[in-house]
Amino acid sequence: MDGSIDDSYFITSDVPDANGMSLKAATAFSEGDAAAAAMAAKDSVRENRKSLTNNFINGFKEPKLNGRSIYSQLPASTSCHAELLPETSMKRRKSVSLPLEVGTRLLCKWRDDKLHPVKIIERKKLSSGPDDYQYYVHYTEFNRRLDEWVRLEQLDLETVETDADEKTEEKGGGPKMTRHQKRKIDEIHVEEGHEEFDQASLREHEEFTKVKNIGKIELGKYEIETWYFSPFPSEYSDCNKLFFCEFCLTFLKRKEQLARHMRKCDLKHPPGDEIYRNGSLSMFEVDGKKNKIYGQNLCYLAKLFLDHKTLYYDVDLFLFYILCECDDRGCHMVGYFSKEKHSEEGYNLACILTLPPYQRKGYGKFLIAFSYELSKKEGKVGTPERPLSDLGLLSYRGYWTRILLEILKKHRGNVSIKDLSDMTAIKSEDVISTLQSLELIQYRKGQHVICADPKLLDRHLKAAGRGGLEVDPAKLIWTPYKEQGA
């Protein structure tokens, strides 16, 4: 034979019948009978599939022949299990009890209408039925800032992971994550920006701040979704939304309370001295000792968007620099940074935040550049207080990269690390780490040597992107705090 069948068709059935007997037939049919025989075989297989599926659902017992399972007698190449039974019947059906327990992992529909893996962090009872709960979930693929409350209908109960599932994954060695891998990922997510915590303090911090207490705020013309927990006074713990006065930062529970407050509040800009104005941008310096309530309210507000931030109730030791966009209605806060009045470590910035509606507009780098202009006025080099938030680190790395590359591109002749530090007020350690990340520095004979190939500088400058808004030092009217005698 040449590998083809011309005059007859062979139909082989290796499937058990409804009584558990093996149907093993290899019958030759003439060409005229082949179509009818194929149809009859399909009907037979369909009936067998239906019978076996019902057996699985109603309590399946393996069919036997001569006291042995017929499946053990089938050839290794036979795949009647997969062919006869739907996938859902092959798996042990999970019994999901409601309400779901804290720690449960499953898939949840996110705002992109796609399912993403989540872990239930907390749950709370609603007023209606016995199983009517809201669940606070952490999206394991994303930063904690996207954690949120969801309803049961957003959760895919078919994907609930049980302890048995995790044990199976650990034994199977498949591509799915083991419990240990999941824990490591959780630790990575948790520890970003928390390098100053030991493990016990980190666990305590996570437990205390795991659920956002305020869902939204209204500040000026913007309604803003919050990112993290902030320790507002207990009387505000039942408020999903707070209303802020954008000038004095007083926060209130209801819109009508804010309206009454705005009729009485005579501020149109942050309290303090305006030390910079260029076009519609202004910077105000606020002394925490002179404006204690404003400083504390600013810290409450900032903590909603900064996971790593330590909240200082004693704001007397800090100066706050508030960046505003100005129009005929007043000066509207865009972001801020704070710094200690006297820092033994040489920090020129303690905390930095650009409010979400104003991000990706160059304001973050502007605030960073402004802090270094103040350091130049003081005749010092500076560095930000650690740890930096994830967004803060990105902003600083981008600022340092662009400033140093521009100097190296324009500078003629040799330049040292100290020269770069003196010109920019950037601390030497930050200069070195930035140049190392760009592979522009080598360590030779006990000292750092800068290798500034022009083509490489151009490539790095192009990758660094735009530099953000520039600070005009001529517009800065400021006296360092130590000279104020206050």
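Small disclaimer: the values here were computed from a predicted structure and weren't measured. (Residues numbered from 1 in each chain as written. Predicted model: local features only at pLDDT ≥ 70, side-chain atom pairs only at ≥ 80, totals over all residues. Heavy atoms only, no water.)

Enquirer: Talk me through helix H12 (residues 417–424); I want residue IDs and the actual numbers.
Expert: Buried residues of H12: Ile 417, Leu 420, Ser 421 and Thr 424, and no others. Summarising the axial view, the buried residues of H12 lie within an arc of 100°, below the 170-degree limit, and thus occupy one face. Close packing links the buried residues of H12 with helix H10 (363–378), helix H11 (390–410), helix H13 (428–437), strand E21 (441–444) and strand E22 (447–450). Within two residues after H12, Ala 425 carries a phi angle of roughly 65°, on the positive side. (Buried < 20%, exposed > 50% of the residue type's maximum accessible area, 1.4 Å probe, protein only. Helix = DSSP H or I, 4+ residues; strand = E, 2+ residues; numbered from the N terminus. Arc of directions from axis to C-beta. Contact = heavy atoms within 4.5 Å.)

Enquirer: Could you give me a rundown of the confidence of the model for the chain, with the residues and numbers involved?
Expert: Confidence in the prediction for the chain averages 78 pLDDT; 69% of positions are at 70 or higher. Contacts from residues 55–61, a stretch scored under 50 in pLDDT, to residues over four places away or in other chains number five contacts. Under a pLDDT of 50 for its full length, residues 70–93 has, in the predicted model, 35 contacts with residues more than four places off or in other chains. (pLDDT = per-residue confidence, 0-100.)

Enquirer: I'd like a rundown of the sheet that holds strand E7 (residues 133–139), residues and numbers included.
Expert: Strand order across the open sheet formed by five strands is E8-E7-E6-E5-E9, with antiparallel pairing between neighbours. The sheet is open, and its two edges are formed by strand E8 (148–151) and strand E9 (155–161), each paired on a single side. Going from strand to strand, the sheet's axes swing by 50° on average, the running direction of each strand aside. As defined by bridge partners, strand E5 (residues 105–109) adjoins strand E6 (residues 115–125) across five bridges and the pair is classed as antiparallel. Following the sheet pairing, Arg 105 is matched in E6 by Lys 119. (Pairing = 2+ DSSP bridges. Axes fitted to C-alpha atoms, helices over the stretch in contact; angles between N-to-C directions.)

Enquirer: So what's going on with the sheet that holds strand E19 (residues 351–354)? Which residues, and what values?
Expert: Spatially, E14-E15-E16-E17-E19 is the arrangement adopted by the five strands of the open sheet, whose pairing is antiparallel. Each having just a single partner strand, strand E14 (273–278) and E19 make up the two edges of the open sheet. Within the sheet, the average angular offset between the axes of one strand and its neighbour, ignoring direction, is 20°. Pairing of strand E16 (residues 318–327) with strand E17 (residues 330–340), which is carried by ten bridges, proceeds in the antiparallel orientation.

Enquirer: Quick rundown of the packing of H12 against H13? Include the residues and the values.
Expert: Where H12 contacts H13, the axes come no closer than 9 Å and their chain directions differ by 115°. Put simply, H12 runs roughly perpendicular to H13. Like other packed secondary-structure pairs, H12 and H13 cross with a definite hand, here right-handed. Contacts from Ile 417, Leu 420 and Ser 421 in H12 reach Ser 428, Val 431, Ile 432 and Leu 435 in H13. Of the residues belonging to the contact of H12 with H13, the class tally is five nonpolar, two polar and no charged. (Parallel < 35°, antiparallel > 145°, perpendicular 65-115°, else oblique. Left-handed = near helix turned anticlockwise from the far one by under 90°. Nonpolar A, V, L, I, M, F, W, Y, C, P; charged D, E, K, R; others polar.)

Enquirer: Residue-level account of the nonpolar core, with values.
Expert: Membership of the largest hydrophobic core comes to 84 residues, with the highest contact counts inside it found for Met 283, Phe 370 and Leu 435. When residues no more than four places from it in sequence are discounted, the contact partners of Phe 370 are Ile 275, Tyr 276, Met 283, Phe 337, Val 471 and Leu 476. Counting 13 residues, the second-largest nonpolar core is a separate cluster that includes Cys 108, Val 118, Tyr 139 and Leu 155. (Core = buried A, V, L, I, M, F, W, Y, C linked by side-chain atoms within 4.5 Å.)

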